Amino acid sequence: MPTSTTDTHGEINGQTVRLFTLINASGMQTRISELGAHLISVTTPDESGHPQELTVGHNSFEDWANNSAAYLGASVGRFGNRIAHGEFTINGQQYTLATNNDPAGIPCHLHGGPEGFHSKIWKGELLTEENRHGVRLQLSSPDGEEGYPGNLDVTVTYWLNDDNQLSWHAEATTDKATPVNIINHTYWNLSGKPDTLITDHQIQIHADYFLPINAGMIPTGEVRSVTDTPMDFTRPQQIGKGIESDYEPIQLGAGYDHCWVLRDHHDHHTEPNTAAIVHHPGSGRTLEVLTNQPGVQFYTGNFLSSPHPRRSGLCLETEGFPDAPNHPNFPSAILQPGETYRHDIIWKFS
């Protein structure tokens, strides 16, 4: 049977931040913080029963509180990924957001801004069902925060069951039309040694198309076939095989940092389908990622820096398309009053 505990993670401005631990029957353990609704850690026992860490993380609460450089394990929003120049228009009205990233000197709004959801203290509570334990975390984002219109109420829920499945679910409602693309930004390293490179991992992505980017890491609007390119992961491929390719999109991203257009995903109300499968030959571990979102940002940690070695973790950020508010041909990322945003991820470990 799963078990769960609550501890103190740290304190910010006199407010206690709690840390929740979930453990299933096979000894898989996950830890979740009220700070940023972060997924702090996921461990599974090796053949000798010793826990092996499968995520890239921090060693201290202070580092988790200053996590904006890499967003390790964060639940980010309102809009994860990038919005060009921090600008968009809804119903003829232009909005300007904080710009906190500038690849190639081109400013953009990244992961909800400098004071996005990753920096907030969420209100958490443990949940218990017969064959799984979970954590529900809630946050209210006021009208005008970071420049976004509307009061947004958000709930993120994690569940761990005895089948070694960890899930993340985000829901949100608003009282004004507003862009919403809440994503989870966990870095995975299935070797059990988070300071080693992930280039020896194999990955399969269930996508026939991807979104090329410009020098500012913003999608150009083109939807391009992966056929005969280093972006083709329709069959399992070693990550390191094409990561240094002279293919222009890879050069612009300093490696893989692009959104793939998932098959069988039409809108965020569909049931989760497989987005990607990652396998580490050395350990034999496999991670299958399922989602109800139309895209997945496959990021190979190209900009990780000390103490985390470059490319020591990979992200599979299931999501709406980057810069969607500025591309009418992309699936809409605008949440309307009366609607509920839903984003589901299931991580299956074997």
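Predicted, not measured: the structure shown is a model, and the values here were computed from it. (Residues numbered from 1 in each chain as written. Predicted model: local features only at pLDDT ≥ 70, side-chain atom pairs only at ≥ 80, totals over all residues. Heavy atoms only, no water.)

Visitor: Can you tell me about the overall build of the protein, naming the residues and giving the values?
Guide: Along its length, the protein carries 2 helices and 28 strands. With the principal axes as the frame, the protein shows a C-alpha extent of 55 × 50 × 40 Å. When the 350 residues of the protein are sorted by exposure, 55% land in the buried category. Sequence separation of 24 or more characterises 65% of the internal contacts of the protein that already satisfy a separation of 6 or more. On the protein, roughly 13900 Å² of surface is accessible, and the fraction owed to carbon and sulfur atoms is 44%. A gap of 2 Å separates the mean positions of the 19 positive and 41 negative side-chain charges of the protein. (Helix = DSSP H or I, 4+ residues; strand = E, 2+ residues; numbered from the N terminus. Buried < 20%, exposed > 50% of the residue type's maximum accessible area, 1.4 Å probe, protein only. Contact = heavy atoms within 4.5 Å. Areas by Shrake-Rupley, 256 points an atom, 1.4 Å probe, with all protein chains shown as cover. Lys, Arg positive; Asp, Glu negative; His and termini not counted. Charge placed at Lys NZ, Arg CZ, Asp CG, Glu CD.)

Visitor: Hey, could you go over the nonpolar core for me, with residue numbers and the actual values?
Guide: Soluble, globular proteins show a tendency: their nonpolar side chains are buried together. Residues Ile 205, Trp 260, Phe 298 and Trp 347 are the most contacted members of the largest nonpolar core, which totals 55 residues. Beyond its immediate sequence surroundings of up to four residues, Trp 260 is in contact with Ile 205, Ala 207, Tyr 209, Phe 210, Val 226, Met 231, Phe 233, Pro 294, Gly 295, Val 296 and Phe 298. (Core = buried A, V, L, I, M, F, W, Y, C linked by side-chain atoms within 4.5 Å.)

Visitor: Could you give me a rundown of the sheet that holds strand E20 (residues 224-225), with the residues and numbers involved?
Guide: Backbone hydrogen bonds are what pair the strands of a sheet, in a parallel or an antiparallel way. Read from one edge of the open sheet, 6 strands run E17-E26-E25-E22-E19-E20, paired in antiparallel fashion. Bordering the open sheet on either side are strand E17 (187-188) and E20, each of which pairs with just one other strand. Two elements, strand E19 (residues 207-211) and E20, share 2 bridges in a ladder whose sense is antiparallel. What sits directly across from Phe 210, in E20, is Arg 224. (Pairing = 2+ DSSP bridges.)

Visitor: Account for the environment of Pro 322, naming residues and giving values.
Guide: Inspection of the secondary structure puts Pro 322 in the loop between strand E26 (314-319) and strand E27 (334-335). Taking the relative accessible area as the measure of exposure, Pro 322 reaches 3% and is therefore buried. Taking the C-alpha atoms as reference points, Pro 322 and Ile 23, 299 residues apart in sequence, are found 34 Å from one another. The residues touching Pro 322, leaving out its near neighbours within four places in the chain, are Phe 79, Asn 81, Arg 82, Leu 211, Pro 219, Cys 259, Gln 297, His 327 and Phe 330.

Visitor: Account for the layout of surface pockets, naming residues and giving values.
Guide: Reported here for the largest pocket is a volume of approximately 410 Å³. Lining the largest pocket are 23 residues, with Ala 69, Arg 82, Asn 101, Leu 110 and Phe 303 sitting closest to its centre. Of the residues assigned to the lining of the largest pocket, the class counts are 12 nonpolar, 7 polar and 4 charged. Put simply, the second largest pocket is a space of about 310 Å³. (1 Å grid on protein atoms, 1.4 Å probe; cavity = no way out; pocket = protein on both sides within 12 Å on 5 of 7 lines; lining within 4 Å. Points joined across faces, edges and corners; volume = space filled by probe spheres on them. Nonpolar A, V, L, I, M, F, W, Y, C, P; charged D, E, K, R; others polar.)

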